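Here are the chains, one letter per residue:
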Amino acid sequence: MLRVGILQLDVQVGDRKANFSRVNELLSRAFVPSKSPTAIVLPELWDTGYALEKAQALASDEGNETATFLGDLAKKYNIWFIGGSTLAKTSAGIKNRAQVIDPRGELIAYYDKVHRFPLMDEDKYLASGDRDCTFNWEGFKSGCVICYDLRFCEWIRCYALKGVKALFISAEWPAARAKHWDILLKARAIENQMYVISCNRCGATGKDAFDGGSLVVDPWGEVLLDAGNLEGLWFVDIDVCKVDQARSTVPVFKDRVPTLYVDITK
Ligand SMILES: NC(=O)CCC(=O)C(=O)O
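The notes below deal with the structure included here. (Residues numbered from 1 in each chain as written. Predicted model: local features only at pLDDT ≥ 70, side-chain atom pairs only at ≥ 80, totals over all residues. Heavy atoms only, no water.)

1. A short note on the layout of surface pockets
Basically, it comes down to this: Grid points spaced at 1 Å over the protein atoms alone were grouped into cavities, where a 1.4 Å probe fits but cannot get out, and pockets, open sets with protein on both sides within 12 Å along at least five of seven lines, with lining residues defined by an atom within 4 Å of a point. Grid points are joined across faces, edges and corners, and a volume is the space filled by probe spheres set on the points. The classification used treats Ala, Val, Leu, Ile, Met, Phe, Trp, Tyr, Cys and Pro as nonpolar, Asp, Glu, Lys and Arg as charged, and all other residues, Gly among them, as polar. Strands here mean DSSP runs of E at least two residues long; helices mean DSSP runs of H or I at least four residues long; both are numbered from the N terminus.
Its boundaries defined by the atoms lining it, the largest pocket holds a volume of some 260 Å³. If you trace the largest pocket, you find it lined by Val-13, Tyr-50, Met-120, Glu-172, Pro-174, Ala-176, Arg-177, Arg-201, Thr-205, Asp-208, Ala-209 and Phe-210. Grouping the constituent residues of the lining of the largest pocket by class yields 7 nonpolar, 1 polar and 4 charged. One number sums up the size of the second largest pocket: a volume of about 220 Å³. Lining the second largest pocket we find Cys-153, Glu-154, Arg-157, Cys-158, Leu-161, Glu-191, Asn-192, Arg-256 and Tyr-261. Those elements that provide at least two residues to the lining of the second largest pocket are helix H5 (153-161) and helix H6 (178-192). With 5 residues, the single largest contributor to the lining of the second largest pocket is H5. Classifying every residue of the lining of the second largest pocket gives 4 nonpolar, 1 polar and 4 charged.

Next up, the structure:
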């Protein structure tokens, strides 16, 4: 068994100090030790929110400030942090970067959001990523994407074809489209026969409301955890055998006919 913790946060926009201190507080209040290796997931841009007009000032070099903060907590609690993105200053511009930190506090992988969301001005302020992110989480091949990436079934399929069995998704997905969020998480889990482990923001900034609704969905599409719409930290165990069971029972990956899946726009 492996265990995931969903830390659903009401992000304070532009205030990294407040978000750091809230995460500290939630962990010290709600962390439950376990024998199962544990990964905690945070929302997209959990430390600064969508203050993109101030991205230049808020971003830290390669996202190091946030990685250091999480690294210290990872060591203290002997946990992973998987996903949860920050603004990272890079030579190619500022990126929306999800970080993977192991229990030694080391940043072992990161993912720069590939599909920038124009309705929240990401195309105006941020540079996009150009690669996927897969890694070994306690022997379980896993991957990360961020929010709007969830809409691109072909991108998530690439992860599954690379052998990913657990996909971590961090998001700031507004309440206005909460239904899409819910359906797409379940669809991606069912069609790829993988765990989908998500963490969305909750609360509101001005008129922008976020409903949370973070889900952990198993490879059969069953919801193992629904965080509701409040701030908090919740845990659930996942049985790694379920992915192989689902894939051998309904042999989608054996039955694909990729020679027919051509891109007709080319
Ligand atoms: N932060 C995001 O990428 C939001 C994506 C979103 O709201 C959507 O509808 O897609």
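Alright, that's what it looks like, and here's the rest.
2. Re the pattern of salt bridges
Under the convention used in this document: Here, a salt bridge means any side-chain nitrogen of Lys or Arg that lies within 4 Å of a carboxyl oxygen of Asp or Glu.
The tally for this structure, following the rule as stated, stands at 18 salt bridges. Here Arg-97 and Glu-62 are joined by a salt bridge, their closest N and O atoms 2.8 Å apart. With Arg-97 in strand E5 (residues 93-101) and Glu-62 in the loop between strand E3 (60-61) and helix H3 (64-77), this pair connects stretches of sequence that are 35 residues apart. One continuous salt-bridge network, built from bridges that share partners, spans Arg-22, Glu-25, Arg-29 and Glu-231.

3. Some details on the pairing of strand E9 (residues 166-171)
Applied cut-off: For every residue, the accessible area obtained with a 1.4 Å probe (protein chains only) is divided by the maximum for its type, and the residue is called buried under 20%, exposed over 50%, and partly exposed between those limits. Paired strands, as defined in this entry, are two strands with at least two bridges between them according to DSSP. When the strands point away from the viewer, a crossover counts as right-handed if the path from the first strand over the helix to the second runs clockwise.
With 6 of 6 residues buried, E9 is to be regarded as a mostly interior element. The alternating pattern of E9 places Ala-166, Phe-168 and Ser-170 and Leu-167, Ile-169 and Ala-171 on opposite faces, both of which are buried. As paired strands, strand E8 (residues 140-146) and E9 are joined by 5 bridges and run parallel to one another. Each bridged residue has a counterpart across the sheet, and for Val-145 the counterpart in E9 is Ile-169. Read from E8 through H5 to E9, the crossover connection turns out right-handed.

4. Details of the site of the ligand
To keep things clear, this is the line we draw: Any residue with a non-hydrogen atom lying within 4 Å of a molecule or strand is treated as near it. Between N or O atoms, a polar contact is any pair within 3.5 Å; within protein, one atom must be a potential hydrogen donor and the other a potential acceptor, and residues adjacent in sequence are included only when both atoms are from side chains. For accessible areas, the Shrake-Rupley method is used with a probe of radius 1.4 Å. Any residue's cover is judged against the shown protein chains and nothing else.
If you check the shell around the ligand, you find Glu-44, Tyr-50, Lys-113, Phe-117, Met-120, Cys-147, Tyr-148, Arg-151, Glu-172, Trp-173, Pro-174 and Arg-177 and nothing else. The side chain of Lys-113 places a nitrogen or oxygen atom 2.8 Å from an oxygen atom of the ligand. Arg-177 is positioned with one of its side-chain polar atoms (N or O) 2.6 Å from an oxygen atom of the ligand. Considering the ligand on its own, with 300 Å² of exposed area, one finds that the protein chains cover 100% of that surface.

5. Quick notes on the nonpolar core
Which entries qualify depends on this criterion: Here, nonpolar core refers to any group of buried Ala, Val, Leu, Ile, Met, Phe, Trp, Tyr and Cys residues whose side-chain atoms link them within 4.5 Å. The contact criterion used is simple: two residues touch if any of their non-hydrogen atoms lie within 4.5 Å.
In terms of nonpolar packing, the biggest core is built from 49 residues, with Ile-82, Tyr-111, Phe-135, Trp-137, Phe-168, Ile-197 and Ile-238 touching the most fellow members. Counting residues per element, this core draws most heavily on E9, at 5 residues. Setting aside its immediate chain neighbours within four residues, Phe-135 contacts Ile-82, Val-100, Ile-108, Ala-109, Phe-140, Lys-141, Ser-142, Gly-143, Cys-144 and Phe-168.

6. Structural notes on empty space enclosed by the protein
On inspection of all chains with the given rule, the structure shows 1 cavity of 30 Å³ or more. Each pocket or cavity is described by its volume, and for the largest cavity that value is around 70 Å³. What lines the largest cavity is simply Tyr-50, Lys-113, Phe-117, Met-120, Cys-147, Tyr-148, Arg-151, Glu-172, Trp-173, Pro-174 and Arg-177. Residue composition of the lining of the largest cavity, grouped by class: 7 nonpolar, no polar and 4 charged.

7. Focus on the environment of Ala-175
Mapped onto the secondary structure, Ala-175 falls in the loop between E9 and H6. Residues contacting Ala-175, with those up to four places away along its chain left out, are Ala-209, Phe-210 and Asp-211.

8. Side note on the packing of helix H1 (residues 16-30) against H3
Worth spelling out the cut-off: Only the stretch in contact is used when a helix axis is fitted, and all axes are lines through C-alpha atoms; the angle between N-to-C directions ranges over 0 to 180 degrees. With respect to orientation, any angle under 35 degrees is reported as roughly parallel, any angle over 145 as roughly antiparallel, any angle of 65 to 115 as roughly perpendicular, and every other angle as oblique.
Their axes nearest at 12 Å, the elements H1 and H3 cross at an angle of 10°. In terms of orientation, H1 and H3 fall into the roughly parallel class. Between H1 and H3, the residues in contact are Arg-16, Phe-20, Val-23, Asn-24, Leu-27 and Ser-28 and Glu-65, Thr-66, Phe-69, Leu-73 and Tyr-77, respectively. Classifying every residue of the contact of H1 with H3 gives 6 nonpolar, 3 polar and 2 charged.

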